[in-house]
Amino acid sequence: MNRDINRSWQMTGFGLSKLQPAQGKIPAPRPHELLVRIKAISLNYKDRMILDGVLIPDLVFPFVPTSDAVGEVVAVGGGVSRFQAGQRVLGQVIADWPDGDAPPVLHQHTLGLSLPGTLSDYVLLHEDAVVLAPPSLSDAEASTLPIAALTAWFALAEATKPVPGQTVLIQGTGGVSLFALQFAAAFGLRAIVTSSSDDKLERARKLGAWQVINYRTQPAWDEAARDLTGGTGVNHILEMVGGDNARRSLDALAADGRLSVIGLLGSMELSFPIVPFLRNRIVVQGISIGHRRAFERMNQAIEVLGIRPVVDKVFGFEEVEQAFQHLEKGPFGKVVVATS
Ligand SMILES: NC(=O)c1ccc[n+]([C@@H]2O[C@H](COP(=O)([O-])OP(=O)(O)OC[C@H]3O[C@@H](n4cnc5c(N)ncnc54)[C@H](OP(=O)(O)O)[C@@H]3O)[C@@H](O)[C@H]2O)c1
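All of the points below concern the structure found in this document. (Residues numbered from 1 in each chain as written. Predicted model: local features only at pLDDT ≥ 70, side-chain atom pairs only at ≥ 80, totals over all residues. Heavy atoms only, no water.)

Around the ligand lies a shell of 22 residues, among which T173, S195, S196, Y215 and I287 are the nearest. At a separation of 2.8 Å, an oxygen atom of the ligand approaches a polar side-chain atom of K200. Here Y215 contributes a side-chain N or O atom positioned 2.7 Å from an oxygen atom of the ligand. Protein chains bury 84% of the 930 Å² of accessible surface belonging to the ligand in isolation. Judged by the fraction of its atoms near the pocket grid, the ligand is located in the largest pocket. Of all the secondary-structure elements, those providing two or more residues to the shell around the ligand are helix 3 (145–158) and helix 4 (175–187). Split into classes, the residues belonging to the shell around the ligand amount to 11 nonpolar, 10 polar and one charged. (Near = heavy atom within 4 Å. Polar contact = N/O pair within 3.5 Å; in protein donor to acceptor, adjacent residues only side chain to side chain. Areas by Shrake-Rupley, 256 points an atom, 1.4 Å probe, with all protein chains shown as cover. 1 Å grid on protein atoms, 1.4 Å probe; cavity = no way out; pocket = protein on both sides within 12 Å on 5 of 7 lines; lining within 4 Å. Sits in = over half its atoms within 2 Å of the grid points. Helix = DSSP H or I, 4+ residues; strand = E, 2+ residues; numbered from the N terminus. Nonpolar A, V, L, I, M, F, W, Y, C, P; charged D, E, K, R; others polar.)

Next up on the list: the packing of helix 6 (residues 221–228) against helix 7 (residues 245–252). Interaxial distance between helix 6 and helix 7 falls to 8 Å at its minimum, and their mutual angle equals 20 degrees. As judged from the angle between their axes, helix 6 and helix 7 are roughly parallel. For helix 6 against helix 7, the interelement crossing comes out right-handed. Residues W221, D222, A225 and R226 of helix 6 form the contact with helix 7, whose own contacting residues are N245, R248, S249, D251 and A252. Within the contact of helix 6 with helix 7, the residues separate by chemical class into three nonpolar, two polar and four charged. (Axes fitted to C-alpha atoms, helices over the stretch in contact; angles between N-to-C directions. Parallel < 35°, antiparallel > 145°, perpendicular 65-115°, else oblique. Left-handed = near helix turned anticlockwise from the far one by under 90°. Contact = heavy atoms within 4.5 Å.)

Time to look at the nonpolar core. If you look at the biggest cluster of nonpolar residues, it comprises 86 residues, and the most contacted ones within it are L145, W153, F183 and M298. For this core, the leading source of residues is helix 3, giving 11 residues. For this core, the two domains that each supply at least three residues are domain 1 (5–146 + 290–338) and domain 2 (160–286). Listed in part, the 15 residues of the second largest apolar core include A224, L259, V261 and I282. (Core = buried A, V, L, I, M, F, W, Y, C linked by side-chain atoms within 4.5 Å. Buried < 20%, exposed > 50% of the residue type's maximum accessible area, 1.4 Å probe, protein only. Domains from an automatic or database assignment.)

Okay, the sheet that holds strand 9 (residues 190–195) next. Spatially, six strands are ordered 10-9-8-11-12-13 in an open sheet, and the strand pairing comes out parallel. One side of each edge strand has no neighbouring strand; the edge strands of this open sheet are strand 10 (211–214) and strand 13 (283–286). Looking at each pair of strands side by side, their axes are set apart by 20 degrees on average, direction ignored. Taken together, the four bridges between strand 9 and strand 10 define a ladder with parallel strand orientation. If you follow T194 over to strand 10, its bridge partner there is I213. Helix 4 rests against strand 8 (167–171), strand 9 and strand 11 (234–239) of the sheet, and its axis sits at about 160 degrees to strand 8. (Pairing = 2+ DSSP bridges.)

Function cannot be read off these values alone, since they describe shape.
In structure tokens:
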């Protein structure tokens, strides 16, 4: 591989066929920037939504998509003090959210959304929007953390604190959901996992699921969840779907239950009746990935807890199209693209 050029995949329009290979110069870091040689990139559901023109209809082309990647710092710009060449790092996706309250207008500085993405050999990252990768993880594993893992961590360990023994219902076995399952099991939460596939549910059990429900064969999964909790309902639900699915989530929640709204797999809207909110004092919280401090804490926990991200398949850099097609099939675990 020629390390003097910067290979990228650029969107020249909407649709997978408009994602084209491109070559350019390796950029030079400006003050407070790091030049990072990317080793592995992982794909998220939202990358496909961007490719299809659903998430950012007014996107300006050409655009390099994807947000999640691990790489090595190969050069630093003037004034950089937080990192040095040779360190293995991950980009903080919401680049202007170091800690505390979110920026007043969210996603004005988000990798692969309002900022260029990571589907390149080299990227420039501001030193304030970078964290060290957990040393125990392979490149493919580490690349999966910035969105999928941090979103799950934020819902379970930042927006609320885990209480061992409480129940959490995790919808589906996508990237965010599998991390949520692994964290929940490590925290001593009793995780109920739903999936359309008995085979995936079996694998979820091996990852620590307490109970499983097939939402295809048991569409009234809310009733099944209530039954599994002896009629009291679930303490916390990660809403990954939206639409009418949220109505079932509300039905499945216990008194003082929490609904973390994360995904829009089924709809861009939520539909709820009001009375169950009042009767059960339900808390609803939207989740938007997370801040850098949470990312650093999560990486520390991943090391201590020995959590290994579930990687379904690693593709070569020339196989980006196949990688996105594989994502469509609903893999069990993350889809990763390696640069070499
Ligand atoms: N708010 C945030 O910060 C944030 C961050 C990351 C992702 N997201 C959103 O969260 C969602 C999941 O993202 P991801 O990257 O984890 O997606 P993903 O890896 O592509 O997950 C897809 C999985 O979702 C499950 N699913 C689909 N329809 C379902 C339904 N009706 N009920 C239950 N599960 C269903 C399926 O699981 P089975 O095959 O097991 O049925 C499918 O395999 C997306 O909408 C994404 O945009 C939001």
